[in-house]
Amino acid sequence: MSESLIVEYRLERDYIKKNSVDEEISGVLSIYPNKNFFKNKIETNNDLVFILDTSGSMDDKFYNTRKTKRDILIEAMENVLKVINSKDTVTIISFNSNAVIHANHLPGGAVGKIKEAIKKLRNDNGATNFEAAMKTAKIAVKNAKNINTKIIFLTDGESVTGSNKNALVIADQLAKSGITMDAMGIGGDFNFDYMRQYSELSNGLTENITDIKKARIVFTKIVKNVRKVAMKRVFLNFIFNKSLRDLAFYQISPEQRILTSKISKIGKDMGIGLNVGDLEWDSQKEFLFTANLTTNSEDSIKISEALLNYDIPDKNLDNQEEELQVYLNLSNNIKDEVFDSAVSNYKKETSLLVNYEEVKDLNQKNKPIEAIKKLEKMVAVAKKIGATDKAKTYIVFIEKLKKTNRLTQEDLNNLSYESSRGSKISMRERNSIVSENKDDSLM
Amino acid sequence: MQVKIKLNERNIIKIPELYKEASIRYLNEIDAISIEREDDSIIIEIKDKDVDLNDKVLKYEIVDLDDNFIDDGELNFSILNDFAKNYDEKLDKEEKIIDDSEKIEDSDMKTLSFPQKLEIKKGDIESVILKGINKNSKIMWVSDDIPDFENTVKIKEDGKLILIETKNLSIGIYNLEFRINNKDVYNIFIRVFEDNNQKSGESTKKTAPIKKKLSKKDNLDINIKVRDNGDEKNDLEGKTEIKKKANENLEKIKLLSDDLFLRVWNKNKELKDLSRKIKYTESILIGKQSPTAKRVDIDLTYLLEDGDKCSRNQLKVFRSNGGVVLKNIGKHRVLLKNRKVEMFPGEHIYMDIEDEIVIGKNIKITLTEK
């Protein structure tokens with residue numbers, strides 16, 4: 001039997017100098033199901049749990065359309081009915097000041113009952129309470145009917161009652177039990193970065209619903225995707241060699257995240273323990289690491305070790321393990337060093353997210369000139385790596401800052417969304433190892 | 001760099017080829033002028049003609065697309081109504097056209113590739129033979145402090161040979177730029193030093209602030225030989241004695257205890273809030289913070305005085321092989337005072353307890369066990 005999970009790494013530099021005190025290294029770790037193992041396409045049945053904001057502000061207009069955000073939400077839910085199958089279940093939790101379950105694991109075939117539950121969303125009203133929403137979800141998921149549970153969490157604002165800290169604690173408990181959560185906001189009043197904290201716990205996706213077309217299909221896209229889940233409860237332990245310092249770790253696809261702050265002691269070593277969440281049979285998750293080290297006279301050095309633990313529900317296989325050791329070659333002759341430009345580009349792309357955080361900070365400190373300079377630099381980087389959508393977005397907000405000296409929460413949401421999008425082409429799809437002179441790569 | 005600008009015109013400053021792909025970031029603003037970049041030029045216009053711009057200073061940094069520091073400097077303004085004419089004359093003098101009419105061969109001379117660094121003892125004359133130069137080639141100083149071209153560079157043999165005379169150069173680092181077809185740019189970084197003992201040996205490949213890939217097609221050979229000018233008196237003789245070079249072999253690691261600290265002093269007063277413990281997992285970056293810069297762990301911005309030189313990321317201190325490494329990652333030299341070691345950009349050294357790093361006139365950083 002072929003292996004079920006493929007774990008690969010690519011280093012930016014093929015070898016580095018021996019006996020050097022300060023060398024920078026970086027690499028990309030790719031994790032994806034082996035298609036040869038999953039010969040038949042997977043079609044899982046799922047428990048779909050919708051946690052939907054029905055506070056009073058949902059009756060505000062959705063941008064310049066004639067529809068309210070509530071209209072848009074109900075349309076999106078009605079579209080879900082077109083894609084679920086009879087063995088899926090639908091749970092609808094409406095939350096405002098409190099939370100209420102309008103549908104509790106209704107079978108996908110019970111279309112009439114699900115439609116009735118959706119109608120109830122029309123009448124709910126109140127403030128926004130994430131804690132109540134998460135507590136209710138925790139109760140609801142206990143009635144699981146299928147192996148896979150997916151939570152879809154939507155809001156149009158920030159939580160004003162209840163404890164946000166408690167809400168995140170409960171979301172973390174749900175994530176650790178193997179439930180994944182996608183988080184999203186509709187309109188311009190929510191905080192995209194805050195919603196990313198919810199999706200990050202289970203390595204779900206975060207969406208920023210800014211146009212009506214996207215709003216209509218956002219749920220159906222998730223439902224179609226979750227059907228392809230091949231691996232669940234994928235946990236990664238990435239251990240760094242003791243000799244490494246200045247460690248940094250990022251997720252680069254499908255969504256970019258800065259994970260450096262999660263590096264901590266794992267046993268005696270430094271490393272990162274990460275809930276990678278689900279893996280669809282046609283998807284991959286990729287991570288970038290960077291570090292500095294002092295080299296010795298050996299010919300190679302083990303720089304890290306990746307340990308993966310996961311379940312394959314379709315084959316009833318639990319606690320599967322995969323291990324990968326990452327080695328770096330050392331040489332006295334680095335004249336013909338080869339650089340992997342794909343890894344270099346990923347490094348540049350993650351710098352956009354790092355810079356976005358700085359733009360946010362400068363905006364907060366009322367420093368528009370510095371924020372513009374930072375954005376200009378981001379434009380240059382985005383153009384250099386061919387991320388034209390990102391470059392266009394940054395230019396829009398440079399102009400906005402020049403006119404108004406200030407970015408709104410909605411602007412920051414758009415900037416964060418664009419900066420955190422993963423590359424359209426994954427590492428393993430790239431075939432662009434370009435032999436480069438080391439000096440050239442520094443230009 | 002002194003910039004003479006004309007009141008009623010668009011003043012155009014050409015950006016050196018070396019920095020065309022880089023970004024220029026201004027660290028302060030002068031309200032009376034507008035400054036914009038257009039392709040490879042900087043356009044300066046005076047908005048408020050009533051403001052006295054003489055001696056105004058605009059500080060800048062040059063960074064690459066990854067925000068890596070390349071260079072920094074200052075533009076000092078002065079107003080000159082007939083500047084344009086003088087400027088052209090100055091260019092004529094400094095950017096000598098080197099003719100490519102004949103080849104020069106010298107089998108005794110060593111062929112070197114770029115980026116290149118020369119170390120010349122103060123008072124010596126260094127001869128540089130150029131191959132691949134044509135009539136559209138130019139040579140000029142592009143350092144922050146631009147020396148007088150006529151008194152420092154002599155062009156001989158139709159441009160094939162240049163002599164660099166150091167008697168009129170102060171101790172320091174200079175950048176001599178060669179342009180071929182106004183497109184390909186090559187630089188020689190020249191360090192003028194006081195005596196033979198302070199040559200930094202194997203430092204050639206770390207002096208260039210930006211690196212250029214050379215293909216066989218555009219490779220330029222330069223042959224260099226040093227001619228000792230024994231009659232020239234070293235006019236800095238007797239000043240601070242810097243004896244040792246900074247780079248050491250790994251074998252000279254000094255094993256130190258786990259709990260080590262960097263302590264910062266200004267005018268002999270300790271600044272405890274700037275002290276840092278040196279961890280095994282993280283380097284400490286020392287420099288000056290700028291609004292759009294990457295992190296600096298020990299920020300010296302408010303301690304620096306006029307004339308003090310310190311890059312945004314000047315020094316990096318980290319644990320390595322049981323010791324502590326001090327690496328100069330900035331543009332300026334740094335003194336390890338107690339050991340009389342002068343560290344040039346790119347150089348590193350294994351530190352010892354009570355080592356004393358000196359930056360500027362009054363800043364001192366010490367390595368201690370408490």
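Residues numbered from 1 in each chain as written. Chains lettered and ligands numbered in written order. Predicted model: local features only at pLDDT ≥ 70, side-chain atom pairs only at ≥ 80, totals over all residues.

Colleague: An account of the sheet that holds strand β12 (residues 257–258) of chain A is requested, with residue identities and associated values reported.
Modeller: All names here are of chain A. Taking strand neighbours across the sheet as the criterion, the five strands line up as β1-β3-β15-β11-β12 in an open arrangement whose pairing is antiparallel. Across the chains shown, the open sheet's two edge strands, defined by having one partner strand only, are β1 (5–11) and β12. Where strand β11 (residues 244–253) lies against β12, two bridges are found, and the strand directions are antiparallel. Bridging from a neighbouring strand, Q251 pairs with R257 of β12. Contacting β1, β3 (23–33), β11, β12 and β15 (285–293), helix α7 (residues 341–364) runs over the sheet at an angle of about 95° to β3. (Pairing = 2+ DSSP bridges. Helix = DSSP H or I, 4+ residues; strand = E, 2+ residues; numbered from the N terminus. Contact = placed C-beta atoms within 7 Å. Axes fitted to C-alpha atoms, helices over the stretch in contact; angles between N-to-C directions.)

Colleague: Would you mind going over helix α3 (residues 130–140) of chain A in detail, with residue names and values included?
Modeller: Of all the eleven residues making up α3(A), eight are buried; the element is thus mostly covered by neighbouring parts of the structure. For α3(A), the full list of buried residues reads F130(A), E131(A), A132(A), A133(A), M134(A), T136(A), A137(A) and A140(A). (Buried ≥ 20, exposed ≤ 12 C-beta atoms within 10 Å, placed from the backbone.)

Colleague: Can you break down the sheet that holds strand β10 (residues 229–240) of chain A residue by residue, with the values?
Modeller: Picture the strands of a sheet paired through backbone hydrogen bonds; they go either parallel or antiparallel. Residue and element names in this part refer to chain A. Read from one edge of the open sheet, six strands run β2-β17-β16-β10-β14-β13, paired in mixed fashion. What marks the edges here is a single partner per strand, and that holds for β2 (15–17) and β13 (264–266). Sheet twist, expressed as the average angle between the axes of neighbouring strands with direction ignored, equals 35°. Here strand β16 (residues 300–312) pairs with strand β17 (residues 317–331) via eleven bridges, running antiparallel. Paired with I301 across the bridge in β17 is L328.

Colleague: Please provide a residue-by-residue account of the pairing of strand β4 (residues 33–38) of chain B, values included.
Modeller: When a strand is regular, its side chains alternate between the sheet's two faces. Residue and element names in this part refer to chain B. With respect to burial, β4 is a largely exposed element, only zero of its six residues being buried. Relative to strand β5 (residues 41–46), β4 is paired through six bridges, and the arrangement is antiparallel. Bridge assignment links R37 to a residue of β5, and that residue is I42. Between β4 and β5, which pair antiparallel one after the other, the connecting turn spans two residues, and D39 there sits at a positive phi close to 50°.

Colleague: Tell me about unusual backbone geometry, and name the residues and values.
Modeller: Note that the residue after S253(A), namely P254(A), is joined by a cis bond; omega there is 5°. Here P254(A) is to be found in the loop between β11 and β12. The residue N321(B) is not glycine, and still its phi comes out positive at about 50°. Its place among the elements puts N321(B) in the loop between β23 (315–320) and β24 (323–328).

Colleague: Give a detailed account of the confidence of the model for chain A, specifying residues and quantitative values.
Modeller: Looking at chain A, pLDDT values average 90 and 94% of them are 70 or higher. Under a pLDDT of 50 for its full length, residues 430–443 of chain A has, in the predicted model, 22 contacts with residues more than four places off or in other chains. (pLDDT = per-residue confidence, 0-100.)

Colleague: How would you sum up the nonpolar core? Please name residues and give values.
Modeller: Residues and elements named next belong to chain A. F50, I51, I93, A133, A137, I151 and M181 are the most contacted members of the largest nonpolar core, which totals 95 residues. Among the elements that line this core, the one with the most residues is β10, at eight residues. Setting aside residues up to four positions removed in sequence, A137 forms contacts with V49, I51, I93, I151 and L174. (Core = buried A, V, L, I, M, F, W, Y, C linked by C-beta atoms within 7 Å.)

Colleague: Account for the pairing of strand β28 (residues 356–359) of chain B, naming residues and giving values.
Modeller: Residue and element names in this part refer to chain B. Side-chain alternation along β28 places I357 and I359 on a buried face and E356 and V358 on a face that remains uncovered. Where strand β25 (residues 334–336) meets β28, two bridges bridge the pair, whose relative direction is antiparallel. Its bridge partner being in β28, L335 is matched across the sheet by V358. Taking the residues between adjacent antiparallel strands as the criterion, β28 and strand β29 (residues 363–368) are bridged by three residues, where G360 takes a positive phi near 65°.

Colleague: Can you explain the environment of F261(B)? Please cite residues and give values.
Modeller: Residues and elements named next belong to chain B. For F261, the location among the structural elements is in strand β18 (residues 261–266). As a C-alpha pair, F261 and R276 span 15 residues in sequence and 5.5 Å in three-dimensional space. Among all residues touching F261, those that are not within four sequence positions of it are S275, R276, K277, I278, T368 and K370.

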